[in-house]
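# Residue-level structure breakdown
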Amino acid sequence: MIIHTIKELRELVKGWRKEGYSIGLVPTMGALHAGHRSLIEKSVEKCDKTVVSVFVNPIQFCPGEDLDKYPRTLDEDEELVNDVGADVVFAPSPKEMYGEGHILSNDFLTYVIPPYFYVDKLCGKSRVGHFDGVCTVVNKLFNIVQPDFAFFGEKDRQQLIILKKMVKDLNIPVEIIACPIVREKSGLALSSRNKYLTEDQKNDALALSKILFNIKACYNKGINDVSALSETAYSYLNSNHSLEYLEFRDCNDLDEKKTADDDTIVFIALKIGNVRLIDNIKLGL
Ligand code: AMP
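This report concerns the structure included in the present document. As the structure is a computational prediction, the values presented were derived from the model and not from experiment. (Residues numbered from 1 in each chain as written. Predicted model: local features only at pLDDT ≥ 70, side-chain atom pairs only at ≥ 80, totals over all residues. Heavy atoms only, no water.)

### Regarding the sheet that holds strand 5 (residues 149-153)
Adjacent strands of a sheet pair through backbone hydrogen bonds, lying either parallel or antiparallel. Counted only if it meets this: When DSSP finds at least two bridges between two strands, those strands are taken to pair. Here a helix means four or more residues in a row that DSSP labels H or I, a strand means two or more in a row labelled E, and each is numbered from the N terminus. Contact between two residues is taken to exist if any of their heavy atoms lie within 4.5 Å; hydrogens are not considered. Lines fitted to the C-alpha atoms define the axes, with helices restricted to the stretch that makes contact. Angles between their N-to-C directions range from 0 to 180 degrees.
Here 6 strands make up an open sheet; going across it, the order is 1-4-3-2-5-6 and the pairing parallel. Lying at the two open borders of the sheet, with one neighbouring strand each, are strand 1 (2-3) and strand 6 (175-179). Contacts from helix 1 (residues 6-18) reach strand 1, strand 2 (23-28), strand 3 (49-54) and strand 4 (88-90), with the element oriented near 145 degrees to strand 4. Strands strand 2, strand 3, strand 4, strand 5 and strand 6 of the sheet are contacted by helix 7 (residues 130-145), whose axis makes an angle of about 150 degrees with strand 2.

This is how it looks when you write it as structure tokens:
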């Protein structure tokens, strides 16, 4: 089933609540792949009812980013959601979510702004305002669906950490469930943006996971000096890569690590042509 309006979705979930059903929410921007599928499967397994939202959220894109060309494949998305056994796709329009005011200007919107310390680094540094847009839309979806559980991928680890902080700070009655990164056999983390890559670029994109897997292997051998671990990345990079960051940070508060430990996450972002890709790995179990 697909629903486009907040009113209809609210009526549906109200009925579910009356029946005492537990509700899971899987927020996505669509162009669903096996990574999204794993989140939906987790929700279907854990909850009586599952809502999958498909919404390319305009306010989380910065000027000059790929908002217009972001892949939109709603029919296929609905098929995948049905196939996994989730109950409803919620696919609102930007107008439904933000009203007319937003479409011309963001000025009329109340935003949820995460703490500066969490957004002045990693993706937040180049994507200014991105996490304001993410927190705002996720907060709206939480208010619309009022789920018991919400499922997010570790693929977007900074986002996950920020959303956990938002839920804690704002006492939102939802439990966030973190789901592991789904990768191709090659190691490449699945992403809707992989669709932008040519075959050659896909080959170049393997550098991300290779760098991370190698750093973890070096750490497992006993190397914990962050500069020594960072150095190992360079042999995987060529002139097609433009490295945006390779950083070692704490898994709870994103604080910088000088010495790696089991709570360290290694974050990487690089551009291949115009395509920006991210990945990360936790050094401990
Ligand atoms: P997106 O549609 O890119 O906004 O992603 C929606 C959700 O799916 C987010 O919580 C992502 O972290 C998660 N996700 C995207 N790719 C993957 C992946 N390869 N493995 C696990 N989760 C993923």
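### Thoughts on unusual backbone geometry
Apart from glycine, the bulk of residues carry a negative phi angle, and the bulk of peptide bonds sit in the trans form. Heads up, the rule is: Buried means the residue's accessible area, taken with a 1.4 Å probe over protein chains only, is under 20% of the maximum for its type, while exposed means over 50%, and partly exposed covers the values in between.
In this structure, Leu 122 takes a positive phi of about 50 degrees despite not being glycine. Notably, Asn 171 is not glycine yet its phi reads approximately 50 degrees, a positive angle. Tracing the backbone shows Asn 171 in the loop between helix 8 (157-169) and strand 6. The class of Asn 171 is exposed, set by a relative accessible area of 66%.

### A short note on the site of the ligand
Basically, it comes down to this: Note on definitions. A residue lies near a molecule or strand when any single heavy atom of the residue is within 4 Å of it. Pairs of N or O atoms within 3.5 Å make up the polar contacts considered here, provided that, within protein, one atom can donate a hydrogen while the other can accept it, and that residues adjacent in sequence are counted only when both atoms are side-chain atoms. Per-residue accessibility takes into account occlusion by the displayed protein chains alone, with areas from the Shrake-Rupley method and a 1.4 Å probe. Basically, the charged four are Asp, Glu, Lys and Arg, the nonpolar ten are Ala, Val, Leu, Ile, Met, Phe, Trp, Tyr, Cys and Pro, and anything else, Gly included, counts as polar.
Surveying the vicinity of the ligand reveals 17 residues, the closest of which are Met 29, Gly 153, Asp 156, Val 182 and Leu 190. A distance of 2.9 Å is found between a nitrogen atom of the ligand and a backbone nitrogen or oxygen belonging to Val 182. When the ligand is considered free in solution it has 490 Å² of accessible area, and contact with the protein chains removes 92% of it. Put simply, the parts of the chain that give the shell around the ligand at least two residues each are strand 2, helix 2 (34-46) and strand 5. The dominant element in the shell around the ligand, judged by the number of residues it contributes, is helix 2, at 3 residues. For the shell around the ligand, the per-class residue count stands at 9 nonpolar, 6 polar and 2 charged.

### Examining the environment of Lys 282
Mapped onto the fold, Lys 282 is located in strand 9 (residues 275-282). The spatial distance from the C-alpha of Lys 282 to the C-alpha of Phe 267 is 8.9 Å, given a sequence separation of 15 residues. Ignoring any residue separated from it by four or fewer positions in sequence, one finds Lys 282 in contact with Arg 157, Lys 216, Cys 251, Asp 262, Asp 263, Thr 264 and Ile 265. Only 3.3 Å separates the side chain of Lys 282 from the backbone oxygen of Leu 285, close enough to count as a polar contact.

### Re the packing of helix 2 against helix 3 (residues 74-84)
Going by this rule: Each helix crossing is assigned a hand: it is left-handed if the near helix lies turned anticlockwise from the far helix by less than a right angle, otherwise right-handed if that turn is clockwise.
At their nearest, the axes of helix 2 and helix 3 sit 10 Å apart, and the two run at 35 degrees to each other. Viewed along their axes, helix 2 and helix 3 form a crossing whose handedness is right-handed. In this structure, helix 2 contributes Arg 37, Ile 40, Glu 41 and Val 44 to the contact, and helix 3 contributes Leu 80, Val 81, Asp 83 and Val 84. A breakdown of the residues in the contact of helix 2 with helix 3 according to their chemical character gives 5 nonpolar, no polar and 3 charged.

### Structural notes on the side chain of Asp 77
What counts is decided by this rule: Positive: Lys, Arg. Negative: Asp, Glu. His and the chain ends are not part of the count. For this analysis, a salt bridge means a side-chain nitrogen from Lys or Arg found within 4 Å of a carboxyl oxygen belonging to Asp or Glu.
Inspection of the secondary structure puts Asp 77 in helix 3. With no salt bridge to any partner, buried Asp 77 finds its closest opposite charge in Lys 195, at an N-O distance of 6.6 Å. Leave out the neighbours within four places in its chain, and Asp 77 touches Gly 30, Ala 31, Leu 32 and Val 54.

### What about the packing of aromatic side chains?
We count it as follows: For Phe, Tyr and Trp, where Trp contributes only its six-membered ring, two rings pair if their centres lie within 6.5 Å, and the inter-plane angle classes them as stacked under 30 degrees, edge-to-face over 60, or tilted in between. Only lysine NZ and arginine CZ atoms are considered, and such an atom sits over a ring when it is within 6 Å of the ring centre and within 35 degrees of the ring normal.
Under the defined criterion, the tally for this structure stands at 3 aromatic pairs. Summarising the aromatic geometry, the rings of Phe 55 and Tyr 98 are spaced 6.1 Å apart at their centres and angled 50 degrees between planes, so their arrangement reads as tilted. Residue Phe 55 is found in the loop between strand 3 and helix 3, and its partner Tyr 98 is found in helix 4 (residues 94-104); the two are separated by 43 residues along the sequence. There is no split in this pair, since Phe 55 and Tyr 98 are both buried. Between the NZ or CZ atom of Lys 49 and the centre of the ring of Tyr 21, over which it lies, the distance is 5.0 Å. The ring of Tyr 196 has Lys 69 sitting right over it, with the charged end atom 4.4 Å from the ring centre.

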